[in-house]
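# An overview of the molecular structure
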Amino acid sequence: MGYSIAIDGPAGAGKSTIAKLIAKERGCIYVDTGAMYRAMAIYFLRQGIAAEDEVAITEACKDIEVVIKYEGNVQNVYLNSENVTSILRTEEVGKMASASSVYGAVRAKLLDLQRKLAEDYDVVMDGRDIGTHVLPNADVKIYMTASVEERANRRYKELVEKGDTSADYEKIKADIAERDYRDMNREIAPLKQAEDAILLDTSDMSIEEVVNAIIAYCR
Ligand code: DC
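Description of the structure in this document.

What counts as what
Residues numbered from 1 in each chain as written. Predicted model: local features only at pLDDT ≥ 70, side-chain atom pairs only at ≥ 80, totals over all residues. Heavy atoms only, no water. Helix = DSSP H or I, 4+ residues; strand = E, 2+ residues; numbered from the N terminus. Rg over C-alpha atoms; globule rule 2.2 N^0.38 Å. Contact = heavy atoms within 4.5 Å. Areas by Shrake-Rupley, 256 points an atom, 1.4 Å probe, with all protein chains shown as cover. Lys, Arg positive; Asp, Glu negative; His and termini not counted. Charge placed at Lys NZ, Arg CZ, Asp CG, Glu CD. Buried < 20%, exposed > 50% of the residue type's maximum accessible area, 1.4 Å probe, protein only. Axes fitted to C-alpha atoms, helices over the stretch in contact; angles between N-to-C directions. Parallel < 35°, antiparallel > 145°, perpendicular 65-115°, else oblique. Left-handed = near helix turned anticlockwise from the far one by under 90°. Nonpolar A, V, L, I, M, F, W, Y, C, P; charged D, E, K, R; others polar. Pairing = 2+ DSSP bridges. Salt bridge = Lys/Arg side-chain N within 4 Å of Asp/Glu carboxyl O. Phe/Tyr/Trp six-rings, centres within 6.5 Å; stacked < 30°, edge-to-face > 60°. Lys NZ or Arg CZ within 6 Å of the ring centre and 35° of its normal.

## Quick notes on the overall build of the protein
- What the protein contains, in helices and strands, is nine helices and eight strands.
- The C-alpha radius of gyration computed for the protein amounts to 17 Å, which stays within 12% of the reference 17 Å derived for 219 residues, consistent with globular compactness.
- By principal-axis analysis of the C-alpha atoms, the protein measures approximately 45 × 45 × 35 Å.
- Partitioning the contacts of the protein with sequence separation of at least 6, the portion at a separation of at least 24 is 74%.
- With an accessible surface of roughly 11,000 Å², the protein has 49% of that area assigned to carbon and sulfur atoms.
- Computed over 28 positive and 38 negative side-chain charges, the separation of the two mean positions in the protein equals 1 Å.

Here it is as structure tokens:
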């Protein structure tokens, strides 16, 4: 078992930005577990399976193989041998990932993969259930959050900077609130702060402040 830093929190809290910087600083790998749920979501979308159809999703899980490779320290996700890394981050895929990750078959498929990575490497792993479920003995546990308004604002700015003229703040905010509700209220491994996790509300913190705070906890 390597050294592990678990970072959980809701969508848009800045987990991946921070986790990448911490991984660089500490020379360990960044494991993005959301990307694994997103890869599975791509498979369900391509098969035209409805998010509500647990039977079809459970059946489809048998045909999915998710493999993670670290190439130049960057995580690449392979879905049945296809590198899907560049197509993971769309709203459609994120929604399907949130909706399909409520099912036991989907979660079971990824649990061993995530634990194995933490066994083989020193990791900064982010997700929703890392400190509570995947790595209950993680060396450092962080629960990173920010207000819905702040998270929607960050996402809105990101889209505008990318030149997206149709970005709608109210819609982004509503989508984030819906995702929070689903991730926090599902039956299996819901998003919640582990009892021994450190709470970091990043609403009024700079990226540098958050990174420094976490690095200080790792000493
Ligand atoms: O972090 P993200 O937006 O890439 O995650 C997409 C969805 O995947 C998220 O809404 C819920 C699910 N997920 C999960 O259930 N458990 C994790 N450890 C990571 C993500």
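Here the narrative resumes, following the displayed structure.
## A short note on unusual backbone geometry
- Although it is not a glycine, Asn80 adopts a positive phi angle of roughly 45 degrees.
- Along the chain, Asn80 falls in the loop between β4 (74-79) and β5 (82-83).
- Given the relative accessible area of 32%, Asn80 is considered partly exposed.
- In the Ramachandran plot, Ser81 falls in the positive-phi region, its phi being about 75 degrees despite a non-glycine side chain.
- Here Ser81 shows up in the loop between β4 and β5.

## Quick look at the packing of helix α2 (residues 33-46) against helix α3 (residues 54-61)
- Between α2 and α3, the least distance of the axes is 11 Å, while the angle of their chain directions is 115 degrees. Put simply, α2 runs roughly perpendicular to α3. Between α2 and α3 the crossing geometry is right-handed. Touching Met40, Tyr43 and Phe44 of α2 are Ile57, Ala60 and Cys61, all from α3.
- When grouped by side-chain class, the residues that make up the contact of α2 with α3 number six nonpolar, no polar and no charged.

## Some points on the sheet that holds strand β1 (residues 4-8)
- A sheet is described by the order of its strands in space; here five strands give the open sequence β2-β6-β1-β7-β8, paired in parallel fashion. With one partner strand each, in any of the chains shown, β2 (29-32) and β8 (198-201) form the two edges of the open sheet. Taking each pair of neighbouring strands and ignoring which way they run, the sheet shows an average axis angle of 20 degrees.
- For β1 and strand β7 (residues 140-145), the ladder comprises four bridges, and the chain directions are parallel. By the bridge assignment, Asp8 is partnered in β7 with Tyr143.

## Some points on the pattern of salt bridges
- This structure, assessed with the given rule, holds 15 salt bridges.
- Here Asp120 ties to Lys116 by a salt bridge, and the two come within 2.7 Å at their closest N and O atoms. One end of the pair is Asp120 and the other is Lys116, both in helix α5 (residues 104-120) and four residues apart, which spans about a single turn.
- On the basis of relative accessible area, Lys116 is assigned to the partly exposed category, the value being 45%.
- Between Arg128 and Asp183 there is a salt bridge, with its nearest N and O atoms 3.1 Å apart. Here Asp183 lies in helix α8 (residues 169-185) and Arg128 lies in the loop between β6 (123-127) and α6 (130-134), a separation of 55 residues in the sequence.

## Comments concerning the packing of aromatic side chains
- Applying the stated criterion to the full structure yields three aromatic pairs.
- Consider the rings of Tyr156 and Tyr169, whose centres lie 6.4 Å apart with planes at 90 degrees: the pair is edge-to-face. Of this pair, Tyr156 sits in helix α7 (residues 148-161) while Tyr169 sits in helix α8, and the two are 13 residues apart along the sequence.
- Tyr169 sits in the partly exposed class, given a relative accessible area of 23%.
- Its guanidinium or amino end placed over the ring of Tyr3, Arg26 lies 4.6 Å from that ring's centre, counting from NZ or CZ.
- The side chain of Lys69 reaches across the aromatic face of Tyr78, ending 4.4 Å from its centre.

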